[in-house]
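Okay, here's what each chain looks like letter by letter:
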Amino acid sequence: MITIQKINNLIILAVIGEFTLSDFKEFEDKVLYRSHPEDKINLLFDWRDMVDYTVDVAWEEIKFMREHGSEFNRVAVVTDNQWQAWSAWVSNLFIDADVVVFSDYEEAKDWVSL
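Starting from 1, residues in each chain are numbered consecutively following that chain's sequence as written. Totals for whole chains, interfaces and linings use every residue, but because this is a predicted model, local features are given only for residues with pLDDT of at least 70 and side-chain atom pairs only at 80 or more, for both listing and counting. Side-chain calculation: all heavy atoms of the structure are included, whereas hydrogens and water are not.

**A few points about the packing of aromatic side chains**
- Stacked, edge-to-face and tilted are the three classes for Phe, Tyr and Trp ring pairs, Trp counted by its six-membered ring, which pair at centre distances within 6.5 Å; planes under 30 degrees apart are stacked, over 60 edge-to-face, the rest tilted. A complete count under the given rule lists 8 aromatic pairs for this structure.
- Taking 5.6 Å as the distance between ring centres and 35 degrees as the angle between the ring planes, the aromatic pair formed by F45 and W47 counts as tilted.
- Pairwise contacts between aromatic rings join F19, F24, F27, F45, W47, F64 and F72 into one cluster.

Listed below in structure tokens is the structure:
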């Protein structure tokens with residue numbers, strides 16, 4: 001299950017439980033609907049309550065970032081899980097944005113909102 005919030009050019013995605021392909025497709029639709037070529041987006045991924053994600057989500061994330069990576073300015077990932085942090089680092093290879101992993105939500109939100 002996911003929740004998505006939009007605040008100006010910031011999109012906050014919180015994942016609760018398992019992150020499924022249908023959740024990722026919902027996220028893609030919201031981001032692509034919001035995207036404008038002249039206005040880069042900041043993303044905040046809150047993965048503190050994510051239990052797991054499916055392999056197809058990992059693959060879809062890589063494809064999405066390769067296609068749309070130039071549309072992002074900053075990406076903050078909130079997690080204490082080392083595998084999720086590694087996943088964020090891998091995503092950084094495919095985009096032009098600054099990607100930083102945080103363990104504190106408020107610190108991440110402050111940074112990504114700059």
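**Focus on the pattern of salt bridges**
- By definition, a salt bridge exists where a carboxyl oxygen of Asp or Glu is found within 4 Å of a side-chain nitrogen of Lys or Arg. Applying the stated criterion across every chain yields a total of 4 salt bridges.
- Between D46 and R48 there is a salt bridge whose closest N-O contact spans 2.7 Å.
- Under the scheme applied here, a residue whose accessible area is under 20% of the maximum for its type counts as buried, over 50% as exposed, and between as partly exposed, the area being computed with a 1.4 Å probe on protein chains only. Given the relative accessible area of 45%, R48 is considered partly exposed.

**Describing the pairing of strand 2 (residues 10–19)**
- With 8 of 10 residues buried, strand 2 lies mostly within the body of the structure.
- Pairing between strands is defined by DSSP: at least two bridges between the two strands are required. In DSSP terms, a helix is any run of H or I states spanning at least four residues, a strand is any run of E spanning at least two, and both are numbered starting from the N terminus. Direction of pairing for strand 1 (residues 2–7) relative to strand 2: antiparallel, over a ladder of 6 bridges. The partner of I4 across the bridge, within strand 2, is L13.
- Where strand 1 folds back on strand 2, the antiparallel hairpin that results is connected by 2 residues, among which N8 adopts a positive phi of roughly 55 degrees.
- Note: strand 2 against strand 3 (residues 41–53), 9 bridges, orientation parallel. Along strand 3, the bridge assignment pairs G17 with M50.

**Examining the nonpolar core**
- The criterion is simple. A nonpolar core is a set of buried Ala, Val, Leu, Ile, Met, Phe, Trp, Tyr and Cys residues joined through side-chain atoms within 4.5 Å. F19, F27, V31, L43, F45, F72 and V75 are the most contacted members of the largest nonpolar core, which totals 22 residues.
- For this core, the secondary-structure elements that each account for two or more residues are strand 2, helix 1 (21–34), strand 3, helix 2 (55–68) and strand 4 (72–78).
- At 5 residues, strand 3 tops the list of elements feeding residues into this core.
- We call two residues in contact whenever any of their non-hydrogen atoms come within 4.5 Å of each other. Ignoring anything within four residues of it in the chain, the contact list for V75 reads L43, F45, I95, A97, D98, V99, V100, W111 and V112.
- Counting residues in hydrophobic clusters, the runner-up holds 10 residues, among them A76, V78, W111 and V112.

**As for the sheet that holds strand 2**
- The sheet built from 5 strands is open, its strands ordered 1-2-3-4-5 with mixed pairing. The open sheet has two edge strands, strand 1 and strand 5 (98–102), and neither has a second partner. Taking the axes of each pair of neighbouring strands and ignoring which way they run, one obtains an average angle of 15 degrees across the sheet.
- Here the axes come from fitting lines to C-alpha atoms, over the contacting stretch only for helices, and the angles between their N-to-C directions go from 0 to 180 degrees. Most of the contacts of helix 2 go to strand 3, to which it runs at about 170 degrees, and overall it touches strand 2, strand 3 and strand 4.
- Along the sheet face, helix 4 (residues 105–112) touches strand 1, strand 2, strand 3, strand 4 and strand 5 and points at about 180 degrees away from the line of strand 4.

**Looking at helix 4**
- Among the residues of helix 4, Y105, A108, W111 and V112 are the ones counted as buried. Angularly, the buried residues of helix 4 cover 130 degrees about the axis, an arc narrow enough to put them on a single face.
- On its buried face, helix 4 sits against strand 2, strand 3, strand 4 and strand 5.
- N or O atoms closer than or at 3.5 Å make up a polar contact, with two conditions inside protein: a donor-capable atom paired with an acceptor-capable one, and, for residues adjacent in sequence, both atoms drawn from side chains. By the N-cap criterion, in which a side-chain oxygen at the helix start approaches the backbone nitrogen of a residue two or three places on, helix 4 is capped by D104, the distance to E106 being 3.3 Å. Taking the helix axis as origin, the arc is that swept by the directions to the C-beta atoms.

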